[in-house]
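Summary of the model geometry
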Amino acid sequence: MRYVIIGAGVAGISAVEAIRSVDTVGEIIMISDDPHGYYSRPGLAYFLTGELHDKALFPRTKEHYKRLNFNYLRGRVTRILRSDHALLIDGKSRLVYDKLLLAIGARATPLDVPGAKLEGVVKLDHLEDAKNILKQAKRGKTAVVVGGGITALELTEGLLARGMKVHYLLRGDRYWSNVLDKHESEVVENRLEEEGVTLHHHSELKEVIGRHGRVSGVVLQDERALKCDMLAYAVGIRPCLELIQETNLAKDRGILVNEHMQTTDPNIYAAGDVAQVFDPLTGKSVLDSLWNPAHEQGQVAGLNMAGRKTAYLKSAPFNVTRLAGLTTTIIGVVGHGKDDDMIGIARGDSETWRQLPEAIVAQSGFDVNHMRLLISEKNLVGAILMGDQTLSRPLQKMIAAKADISPIRDLLMQPNAPLADLIAQFWMSWRATLAL
Amino acid sequence: MALLNIFKNDTSKRVVLTTGRVVSESSRCVQCGICSYNCPIGIDVRAHVWRSEPVNHSECLTCGECVARCPRGVLSFAQTDLFARRKE
Ligand SMILES: Cc1cc2nc3c(=O)[nH]c(=O)nc-3n(C[C@H](O)[C@H](O)[C@H](O)COP(=O)(O)OP(=O)(O)OC[C@H]3O[C@@H](n4cnc5c(N)ncnc54)[C@H](O)[C@@H]3O)c2cc1C
């Protein structure tokens, strides 16, 4: 049996580990076009700020890989020849597979304005991108950041930490408006301003201006001009679908897979950012661009490829991130609608967050410790915690289990209700009933 | 947030040093490596989190560097005396 895995991200590595846990003798080949192999992509943000050395981004040692006993090929898969059960690597060498996993991830949506190809226009997908940014980020120079969501903020904070002056352009009237509420956006924006970022609302990029092939400024839709030495963008991501164009595998916005991570070809699986996964609970196929779902999907794909039938059960969407220095957990459904600064789905995002059922918002706390709960008739459907994270785990469990919160619902809804205490107390009694 | 005391049973430095260990919530982790990078004695904390294991390394000083520096609240202290706390 030969398993071939395209992609050395977390989905690919998790699949190798899962296959090996079942099949100790089958041949495993992993192929990736990233010169650095497997590293923590979210960790790139902390590499930019200088909190981490790039060498620390690699979670695995050579010994780990040796124990997993697989072959690693550096190369770009350029075609999948389904009828031959084969791949073309770099347009020439052929590789035959029995079971194939597409764990090829997603990439930044390209910037679609004149001047987008100038030197000094940067994005953050890979370690090479981060290194490129650091090479160009000069103390005292000016950067403009466009886009929304987590990656745009990470770029902003990274460039700031490297001593650049940063202008952050927002198309709408506030930051991450389809996930955060007005107050939360304000918290983030105020903190950014305190750190020295200049925010420009209602500001849409029209053109990047260059001199001698390098960025020298930007022009906005309303003809305002800003001088700058770098333009960093994060306007959304796209699953990498080019590779399957000629294969007839079913796709929508991602590669469609069933709950066993199987595509419409039973010998080809997909997992991670590239996969649009059928969720038996809702009957919908959803895209996630989150580390943990990619990890779990990779595991499930690997187990199924090795013959151990396993279903992927999507857990309540959940992300932890740091927004302007505040640890922030987003659980379940918290936002709605469309974000002007994003095309498609934001990084570190889940579409479920915007499928808002009838829900009422209860809120408490101040800047640094903030909690927002979304409550439906009997359940908690979502929560945002900024700052103090003590209640994050209880909330995650209660939201996932659809705990009946009727006993405290009215109390939660009262003005200035002590939300944290109510939730903490309820969690203790709820947990006790489970233990019975 | 004025939280109930039940959530504050693990904060005393002395208690942690004598009876505590570092535990993790792996679903919050993205393997960035800040924990391992900052461990003064070079424990690969991140690898423990990947395996959903507590940092049961015999040389762990419970100094708290990893707990404090994790940008995502993955790590926390818990008492090792299982009888002191109800198991979840
Ligand atoms: C800056 C940044 C911050 C992030 N922050 C967070 C966060 O806070 N929380 C969170 O949950 N998630 C975050 N994410 C998202 C998270 O990193 C991804 O969800 C996760 O990495 C997806 O893993 P994957 O294995 O599906 O794909 P990837 O990690 O993208 O791996 C894809 C692999 O496929 C290879 N590949 C692609 N095409 C080919 C080809 N044709 N031939 C050969 N190889 C190919 C690539 O080289 C790569 O090795 C962040 C991502 C970035 C970039």
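Presented here is a report on the structure given in the accompanying data block. (Residues numbered from 1 in each chain as written. Chains lettered and ligands numbered in written order. Predicted model: local features only at pLDDT ≥ 70, side-chain atom pairs only at ≥ 80, totals over all residues. Heavy atoms only, no water.)

1. Remarks on the interface of chain B and chain A
For the record, the criterion: Note on contacts: a residue pair qualifies if any of its non-hydrogen atoms lie within 4.5 Å across the two residues. By buried area we mean how much accessible surface two parts lose on assembly, using a 1.4 Å probe and totalling the loss over both. Only one rule defines a salt bridge in this text: a Lys or Arg side-chain nitrogen within 4 Å of an Asp or Glu carboxyl oxygen. Under the rule applied, a polar contact is a pair of N or O atoms within 3.5 Å (in protein, one hydrogen donor and one hydrogen acceptor; residues adjacent in sequence only if both atoms are side-chain atoms). The helix and strand labels rest on DSSP assignments: H or I over at least four residues marks a helix, E over at least two residues marks a strand, and numbering proceeds from the N terminus.
Contacts between the two partners involve 25 residues from chain B, matched on the other side by 47 residues from chain A. Here chain B packs against chain A, burying approximately 3000 Å² in sum over the two surfaces, 58% of which is carbon and sulfur. Across the chain B-chain A interface, the total number found is zero salt bridges. Applying the counting criterion to the chain B and chain A interface returns eleven residue pairs in polar contact (both at pLDDT 80 or more). Every element with two or more residues in the side of chain B that touches chain A is listed here: helix H2 (34-38) and helix H3 (45-50) of chain B.

2. Notes on unusual backbone geometry
Definition in use: We call a residue buried when its accessible area falls under 20% of the maximum for its residue type, exposed when it is over 50%, and partly exposed in between, using a 1.4 Å probe and counting protein chains only.
Positive phi outside glycine occurs at A:Lys402, with the angle close to 50°. Relative to the elements of secondary structure, A:Lys402 occurs in the loop between helix H8 (392-400) and helix H9 (406-413). Here A:Lys402 falls in the exposed class, since its relative accessible area comes to 60%. Unusually for a residue other than glycine, B:Ser52 sits at a positive phi of about 55°. Within the element layout of this structure, B:Ser52 appears in the loop between H3 and helix H4 (65-69).

3. Here we look at the nonpolar core
All names here are of chain A. Defined as follows: Definition of nonpolar core: a set of buried residues of the types Ala, Val, Leu, Ile, Met, Phe, Trp, Tyr and Cys, connected through side-chain atoms within 4.5 Å.
Membership of the largest hydrophobic core comes to 103 residues, with the highest contact counts inside it found for Leu87, Leu102, Leu159 and Tyr168. Not counting residues within four places of it along the chain, the set of residues in contact with Tyr168 comprises Val145, Gly147, Gly148, Ala152, Leu153, Thr156, Tyr175, Leu192, Val197, Thr198, Leu199 and His200. In this structure, Met371, Ala403, Leu412 and Leu419 belong to the second largest nonpolar core, which totals 26 residues.

4. Quick notes on the site of the ligand
Quick note on the threshold: Nearness is judged by heavy atoms alone; a residue qualifies as near a molecule or strand once a single heavy atom is within 4 Å of it. Residue polarity is assigned by list, with Asp, Glu, Lys and Arg as charged and Ala, Val, Leu, Ile, Met, Phe, Trp, Tyr, Cys and Pro as nonpolar; anything else, Gly included, falls into the polar class.
Contacts to the ligand come from 32 residues, most closely from A:Asp33, A:Arg41, A:Val77, A:Asp273 and A:Trp291. Neighbouring residues of the ligand are not confined to a single chain but are spread across chains A and B. A:Ala8 has a polar backbone atom sitting 3.0 Å from an oxygen atom of the ligand. Between an oxygen atom of the ligand and a side-chain N or O atom of B:Arg72, the distance comes to 3.2 Å. The set of elements that each furnish at least two residues to the shell around the ligand consists of helix H1 (10-22), strand S2 (27-32), helix H7 (291-305) and strand S22 (318-323) of chain A. Residues of the shell around the ligand, tallied by class, amount to 14 nonpolar, eight polar and ten charged.

5. A few points about the packing of H8(A) against helix H10 (residues 419-435) of chain A
Residues and elements named next belong to chain A. To be explicit about the condition: Convention adopted: a line fitted to C-alpha atoms gives each axis, helices being fitted over their contacting stretch, and angles between N-to-C directions are expressed from 0 to 180 degrees. Reported orientations rely on four angle classes, namely roughly parallel under 35 degrees, roughly antiparallel over 145, roughly perpendicular from 65 to 115, and oblique for the rest. What makes a crossing left-handed is the near helix being turned counterclockwise from the far one by less than a right angle; a clockwise turn instead makes it right-handed.
It is at 10 Å that the axes of H8 and H10 come closest, and there the two elements cross at 60°. On the basis of the axis angle, H8 is oblique to H10. Of the two elements, H8 crosses H10, and the hand of that crossing is left-handed. The segment H8 lies against H10, with Pro394, Leu395, Lys397 and Met398 engaging Ile423, Phe426, Trp427 and Trp430. The class makeup of the residues in the contact of H8 with H10 is seven nonpolar, no polar and one charged.

Take it as geometry only, folks, not as evidence of what the structure does.
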